[in-house]
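Residue-level structural notes
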Protein chains: 2
Amino acid sequence: MKLYDNVLAPNPRRVRIYLAEKGIEVPTVQVDLFRREQKSDAFKRKNSLGSIPVLELDDGQCIAESVAICRYFEELHPQPALFGGNALERAHVEMWNRRVELGLGVPLAQVWIHGSPITAPLVAAEGAAQVPAAAEFNRAIIARFFRWLDRELDGRACIAGERFSVADITALCMVDFAAALVGIAVDPALANVARWHATVSARPSAQA
Amino acid sequence: MKLYDNVLAPNPRRVRIYLAEKGIEVPTVQVDLFRREQKSDAFKRKNSLGSIPVLELDDGQCIAESVAICRYFEELHPQPALFGGNALERAHVEMWNRRVELGLGVPLAQVWIHGSPITAPLVAAEGAAQVPAAAEFNRAIIARFFRWLDRELDGRACIAGERFSVADITALCMVDFAAALVGIAVDPALANVARWHATVSARPSAQA
C-alpha cells in the first residue's frame with residue numbers, strides 16, 4: 001500500500017502522526033498541491049473529490065479521509081488503541097474527535113478559505129470570491145472554542161481523557177496549522193491548552 | 001439509558017433513524033431548543049457544549065455527538081451492521097459519512113447560520129451578525145456537491161455502496177433539513193440523487 005501525502009497540509013499529517021504512534025511504516029507519495037495535482041483526472045480516479053490523504057491498497061482500492069484511513073489501520077494493528085480501549089472509551093474518543101473537528105477544524109477552514117491570500121486565487125478559480133466578514137465571524141468562534149477547551153482540559157492530560165488518542169492528533173494538527181498558516185496562535189493565558197500542546201508536541205510522533 | 005432529543009433537529013434524527021434500523025428502543029427526553037434548554041447549566045453538566053443529541057447512561061455518564069452515540073450502540077448491537085461489515089467496508093462507510101458531513105453538512109450549517117431568519121437572533125445573542133454573502137458562497141458549494149453526488153450514485157443503491165449504512169442516514173437527515181428549514185431542495189434533474197432519496201425515504205426508519 002501507499003499513502004498519498006503532502007508534508008505541508010494538516011490532514012495528511014494526522015495520518016502520519018497516527019502511523020508514527022503505531023510504529024507502522026507506509027511508503028508515501030508527495031502530491032504537489034501548488035500545481036493542483038490532486039485535481040488531475042489521474043488522481044480523481046483515486047479520490048473523486050480531489051483531496052488528500054488517500055491510502056491506496058495493493059489491489060488498487062483507495063480509502064480517502066484521514067480518519068477513515070486511521071480506522072482502517074486500527075483494525076489491522078489494534079495496539080496501542082488510539083480510538084479508545086472499550087466501547088465507552090471509543091464513544092468518548094469519537095465524541096472528542098468530532099468536537100475538535102466541528103468546533104475548531106470547521107471554523108478554521110472558514111478563516112483559511114475567506115481570510116488567506118494563499119486561498120484567494122483558488123476561490124477565484126471556482127468562480128467565487130472570498131467573504132472577509134466570514135473570516136472574522138469564525139475567528140470569534142475559534143477564540144470561544146479555545147476558552148471552552150481550556151476549561152475542559154483543567155486537570156486532564158489528553159483531549160479525550162487520560163489516554164492519548166486520535167482526538168489529540170486532530171487537535172495538534174489543527175492548532176499547528178492555525179499558527180503556521182492561518183495566523184491564529186493559542187493565547188498563552190490559556191494555561192491548560194498551552195500545557196497540553198507542549199506535552200503532545202514533545203512526543204516523537206509530532207515530528208511526522 | 002435515555003436520549004436527549006428534539007424532533008425538529010437534524011442531528012438527533014440521525015440517532016432515532018439508526019435506532020429504528022436496529023430495532024432498539026430507548027426512552028427519549030425532548031429538549032426545548034426554542035427556550036434554549038440545551039444551554040442551561042443543568043444540561044451543560046451533561047454536555048458542556050450545550051447541544052443535542054446526548055445519550056445518558058444509567059450510571060449518569062453521557063455521550064454527545066450523534067455518530068459517537070450510534071457507534072456506542074453498534075458495539076452493543078452489531079447486527080445489522082450500519083458502519084460496514086468488515087475492515088475495508090467500515091473504512092468506506094467512515095469515508096462516505098465524512099464526505100456527506102463535510103461536503104454537505106458543513107456548508108448547509110453555514111447557510112443556516114448566515115441565511116435564515118430563524119438563526120438571526122441566536123447569532124445576535126452571541127454578539128455577532130449574520131454574513132449573508134457567506135450563505136450565498138455556501139449555497140454554490142452545496143449545488144456542486146449534489147452534482148458530484150449524482151455522478152457517484154450512478155448505478156449504486158446506497159451512499160457507501162450497495163448496503164444501507166449510517167452514511168445514508170446522515171445524507172437523508174441533511175437533505176430533509178435542507179428542504180424543510182434551509183430552503184434548499186435537490187434539483188429533480190439529478191435523477192440518481194432523487195432515486196436514492198425516494199428509496200431511503202420509503203424505509204420505515206425514515207419516519208423516526
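Residues numbered from 1 in each chain as written. Chains lettered and ligands numbered in written order. Predicted model: local features only at pLDDT ≥ 70, side-chain atom pairs only at ≥ 80, totals over all residues.

1. Re the overall build of chain A
Helix and strand counts for chain A stand at eight helices and four strands. Listed by position from the N terminus, the elements making up chain A come as β-α-β-α-β-β-α-α-α-α-α-α. Projecting the C-alpha coordinates of chain A onto the three principal axes gives extents of approximately 50 × 45 × 25 Å. For chain A, the proportion of its 208 residues judged to be buried stands at 45%. If you take every contact in chain A between residues at least 6 apart in sequence, the share linking residues at least 24 apart comes to 64%. (Helix = DSSP H or I, 4+ residues; strand = E, 2+ residues; numbered from the N terminus. Buried ≥ 20, exposed ≤ 12 C-beta atoms within 10 Å, placed from the backbone. Contact = placed C-beta atoms within 7 Å.)

2. Considering the domain arrangement of chain A
Think of interface size as the accessible area that goes away when the parts come together; that is how it is often given. Residues and elements named next belong to chain A. Domain assignment breaks chain A into domain 1 (2-76) and domain 2 (87-203). Averaged C-alpha coordinates put domain 1 and domain 2 at centres separated by 21 Å. Counting from both sides, the interface comprises seven residues of domain 1 and, opposite them, six residues of domain 2. For the side of domain 1 that touches domain 2, the element with the highest residue contribution is helix α1 (residues 10-22), accounting for five residues. (Domains from an automatic or database assignment.)

3. A word on the pairing of strand β1 (residues 2-5) of chain A
Residues and elements named next belong to chain A. Where β1 and strand β3 (residues 54-56) come together, three bridges link them in antiparallel fashion. Bridged to Tyr 4 within β3 is Val 54. Note on the crossover from β1 through α1 to strand β2 (residues 28-30): the handedness is right-handed. (Pairing = 2+ DSSP bridges. Right-handed = clockwise from strand over helix to strand, strands pointing away.)

4. Details of helix α3 (residues 66-76) of chain A
Summarising burial for α3 of chain A: nine of the 11 residues are buried, a large majority. When we look at burial in α3 of chain A, the residues that qualify are Ser 66, Val 67, Ala 68, Ile 69, Cys 70, Arg 71, Tyr 72, Phe 73 and Glu 74 of chain A. On the buried face of α3 of chain A, the contacting elements are α1, β3, β4 (62-64) and α7 (166-182) of chain A together with α4 (87-115) of chain B.

5. Considerations on the pairing of strand β1 (residues 2-5) of chain B
Where β1 of chain B and strand β2 (residues 28-30) of chain B come together, three bridges link them in parallel fashion. The partner of Leu 3 of chain B across the bridge, within β2 of chain B, is Thr 28 of chain B.

6. Considering the relation of the copies chain B and chain A
With an RMSD of 0.0 Å, chain B superimposes on chain A once it is rotated by 180° and translated 0.0 Å along the axis. Interpreted geometrically, this transformation is the action of a two-fold axis. Residues of chain B ranked by C-alpha distance from the rotation axis are headed by Ala 134 of chain B, positioned 3.0 Å from it. Of the interface residues in chain B, 100% have counterparts in chain A that sit at the interface too, so the contact is made through matching surfaces. (Least-squares fit on C-alpha atoms with pLDDT ≥ 70 in both.)

7. Here we look at the environment of Trp 196 of chain B
Residue and element names in this part refer to chain B. For Trp 196, the location among the structural elements is in helix α8 (residues 191-201). On the neighbour-count criterion, Trp 196 (24 C-beta atoms within 10 Å) is buried. Sequence spacing of Trp 196 and Ala 157 is 39 residues, and the spatial spacing of their C-alpha atoms is 6.7 Å.

8. Re the confidence of the model for chain A
When pLDDT is averaged along chain A, the result is 97, and 100% of the positions lie at 70 or above. Listed scores for the predicted complex are pTM 0.97 and ipTM 0.97. (pLDDT = per-residue confidence, 0-100.)

9. A short note on the sheet that holds β2 of chain A
Residues and elements named next belong to chain A. Reading across the sheet, the four strands line up as β2-β1-β3-β4 and stay open at both edges, with mixed pairing between neighbours. Either end of the sheet is taken by a strand with one partner, and the two such strands are β2 and β4. Between one strand axis and the next, the sheet turns through 20° on average, direction left out of account. (Axes fitted to C-alpha atoms, helices over the stretch in contact; angles between N-to-C directions.)

10. What to know about the packing of helix α1 (residues 10-22) of chain B against helix α3 (residues 66-76) of chain B
Residues and elements named next belong to chain B. Interaxial distance between α1 and α3 falls to 9 Å at its minimum, and their mutual angle equals 15°. Compared by their axis directions, α1 and α3 come out roughly parallel. Note on packing geometry: the crossing formed by α1 with α3 is right-handed. Of the residues in α3, those touching α1 at Asn 11, Arg 14, Val 15, Tyr 18, Leu 19 and Lys 22 are Ser 66, Ile 69, Cys 70 and Phe 73. Residues that form the contact of α1 with α3 fall into these classes: six nonpolar, two polar and two charged. (Parallel < 35°, antiparallel > 145°, perpendicular 65-115°, else oblique. Left-handed = near helix turned anticlockwise from the far one by under 90°. Nonpolar A, V, L, I, M, F, W, Y, C, P; charged D, E, K, R; others polar.)

11. Some remarks on the sheet that holds β2 of chain B
Residues and elements named next belong to chain B. Taken together, four strands build an open sheet; the order of strands is β2-β1-β3-β4 and the sheet is mixed. Edge positions in the sheet fall to β2 and β4 (62-64), since each has one partner strand and no second. Across the sheet, the mean angle from the axis of one strand to that of its neighbour is 20°, orientation sign disregarded. The strands touched by α3 are β3 (54-56) and β4; relative to β4, the strand with the most contacts, the crossing angle is about 125°.

12. Considerations on unusual backbone geometry
All names here are of chain A. Cis geometry marks the peptide bond from Ile 52 to Pro 53; its omega dihedral reads 5°. You can see Pro 53 is positioned in the loop between α2 (41-44) and β3. The phi dihedral of Glu 65 is positive, around 80°, even though this residue is not glycine. The buried category is assigned to Glu 65, around which 25 C-beta atoms lie within 10 Å.

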